[in-house]
Amino acid sequence: MKLFLKTKDFSVSGEQFELYWDEDLEMLVTKPEPQNLAPYYESEDYISHTDSKSSFTDRLYQLFKAKNLKNKIQIIENQIDKPKNLLDLGAGTGDFLITAKNSGFKVTGVEPNDKARTLAGEKGIHLLSSMEDVSGQKFQAITLWHVLEHLPNLGEQIKKLVNLLDDDGVLIIAVPNFKSFDAKHYKSHWAAFDVPRHLWHFSKTAITKLFAPHQFEVIKIKPMWFDAFYVSMLSEKYKENKLYLVSAFFVGLWSNLLATFTKEHSSLIYILKNKK
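These notes cover the structure that comes with them. (Residues numbered from 1 in each chain as written. Predicted model: local features only at pLDDT ≥ 70, side-chain atom pairs only at ≥ 80, totals over all residues. Heavy atoms only, no water.)

This part is about the overall build of the protein chain. The secondary structure content of the protein chain amounts to 8 helices and 10 strands. Since a compact globule built from 276 residues should have a radius of gyration of about 19 Å, the 18 Å found for the protein chain is in line with a globular shape. Its C-alpha atoms put the protein chain at 50 × 45 × 40 Å along the principal axes. Relative to all contacts within the protein chain whose residues are 6 or more apart in sequence, the contacts with residues 24 or more apart total 70%. As displayed, the protein chain has an accessible area near 13,300 Å², and 52% of this comes from carbon and sulfur atoms. Taking the 35 positively charged and 34 negatively charged side chains of the protein chain as two groups, their mean positions are separated by 5 Å. (Helix = DSSP H or I, 4+ residues; strand = E, 2+ residues; numbered from the N terminus. Rg over C-alpha atoms; globule rule 2.2 N^0.38 Å. Contact = heavy atoms within 4.5 Å. Areas by Shrake-Rupley, 256 points an atom, 1.4 Å probe, with all protein chains shown as cover. Lys, Arg positive; Asp, Glu negative; His and termini not counted. Charge placed at Lys NZ, Arg CZ, Asp CG, Glu CD.)

If you want it as structure tokens, here you go:
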């Protein structure tokens, strides 16, 4: 692999990291990979592990998260006959599972972060701490909303995922897309690189190739329109731009407009099924 880009952890440690290009899979790999990733998540700035509304950025995130929840459920319901059992990996503070449960799903969630699990528990959602705690079950739907890029030992994790899914089940994966316009525009300041928490940076080709050995195929790809604006806003803040809201709006808008032609949106939702 060859060096693609040097960047740093803007939100927690300030440490430098490098992204390497995996030519075979068409993806980027974060190096070095810390032996202990837990400290890199211990920050109020890591919004998916909190319900913080203390800053404008936090409030904006929570607002659009709420609006996106029903859309996520609709995506799943469009792929299966009726609401059944659902596994959500990287469940955060449990809001997606609450929405799924209210929509008729029997839900199971996994979240390794203690603080996030506690917040979910206060909402009545009990989360497991590891995929190892999920045993003897099969799920009609498995979701990873911006989670796959965080998982170490990627090959092993993918194998576990597909083994937990019913033969006619659906696997739904949302990840950032480093081939988007906003990624190319911000380069090392692109917030969705989010090193070292994001260990892998996927392209469409990478997702297809990673799951093909398991007889899974991508049957549909959907955009996450809001991500272009949110990621641009964080990226502008990392650049210390005082007019970050204005700049982020125009970069996010242009990224989405270009993506209507290139299909390379800031983040993409992949819907995969077993092709056996």
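There's plenty left to go through after this.
Here we take up the sheet that holds strand E7 (residues 165-176). Taken in spatial order, the 6 strands make up an open sheet running E5-E4-E6-E7-E10-E9, and their pairing is mixed. The two strands at the open ends of the sheet, each matched to only one other strand, are strand E5 (106-110) and strand E9 (216-223). Ignoring which end each strand starts from, the neighbouring axes of this sheet average 20 degrees apart. By the bridge criterion, 6 bridges tie strand E6 (residues 139-145) to E7 in an arrangement that is parallel. Each residue of the ladder has a partner; that of Thr-143, found in E7, is Ile-172. (Pairing = 2+ DSSP bridges. Axes fitted to C-alpha atoms, helices over the stretch in contact; angles between N-to-C directions.)

Those residues of helix H6 (residues 204-211) not exposed but buried are Ala-206, Ile-207, Leu-210 and Phe-211. In a view along the axis of H6, the buried residues occupy a sector of 110 degrees, so they form one face of it. (Buried < 20%, exposed > 50% of the residue type's maximum accessible area, 1.4 Å probe, protein only. Arc of directions from axis to C-beta.)

The next thing to look at is unusual backbone geometry. Geometrically, the link from Lys-31 to Pro-32 is a cis peptide bond, its omega value of -5 degrees lying close to zero. Among the secondary structure elements, Pro-32 is positioned in the loop between strand E3 (27-31) and helix H1 (56-77). Each neighbour pair has its own omega, and for Val-195 with Pro-196 the value is -5 degrees, a cis peptide bond. Along the polypeptide, Pro-196 turns up in the loop between helix H5 (181-186) and strand E8 (200-201). Positive phi values are uncommon outside glycine, yet Asp-194 reaches one of about 40 degrees. By the element assignment, Asp-194 lies in the loop between H5 and E8. What makes Asp-194 buried here is its relative accessible area of 16%. In this model, Lys-263 sits at a positive phi of 65 degrees, which is unusual for a non-glycine residue. Position of Lys-263 relative to the elements: it lies in the loop between helix H8 (244-262) and strand E10 (267-274). The class of Lys-263 is partly exposed, set by a relative accessible area of 46%.

Under the defined criterion, the tally for this structure stands at 2 cavities of 30 Å³ or more. Within this model, the largest cavity holds a volume of roughly 60 Å³. Around the largest cavity sit Thr-7, Lys-8, Asp-9, Phe-10, Ser-11, Trp-190, Ala-191, Phe-193, Asp-194, Val-195, Arg-197 and Tyr-238, which together line it. A breakdown of the residues in the lining of the largest cavity according to their chemical character gives 6 nonpolar, 2 polar and 4 charged. Quantified by volume, the second largest cavity comes out at close to 40 Å³. Residue lining of the second largest cavity: Glu-149, Pro-176, Phe-178, Trp-190, Ala-192, His-198, Trp-200, His-201 and Phe-202, and that is the complete set. (1 Å grid on protein atoms, 1.4 Å probe; cavity = no way out; pocket = protein on both sides within 12 Å on 5 of 7 lines; lining within 4 Å. Points joined across faces, edges and corners; volume = space filled by probe spheres on them. Nonpolar A, V, L, I, M, F, W, Y, C, P; charged D, E, K, R; others polar.)

This part is about the nonpolar core. Core analysis: the largest hydrophobic core is formed by 58 residues, its most contacted members being Ile-142, Leu-144, Leu-148, Phe-202 and Phe-211. Those residues within four positions of Phe-202 in sequence are excluded, and the remaining contacts are Met-27, Leu-148, Glu-149, Leu-154, Val-175, Pro-176, Asn-177, Phe-178, Ile-207 and Leu-210. Counting residues in hydrophobic clusters, the runner-up holds 22 residues, among them Ala-91, Phe-96, Phe-105 and Trp-145. (Core = buried A, V, L, I, M, F, W, Y, C linked by side-chain atoms within 4.5 Å.)

Before going further, it helps to spend a moment on the sheet that holds strand E1 (residues 2-8). Strand order in the open sheet formed by 4 strands is E1-E2-E3-E8, with antiparallel pairing between adjacent strands. Pairing within the sheet leaves two strands with one partner each, and these edge strands are E1 and E8. Here strand E2 (residues 16-22) pairs with E3 via 5 bridges, running antiparallel. What sits directly across from Trp-21, in E3, is Leu-28.

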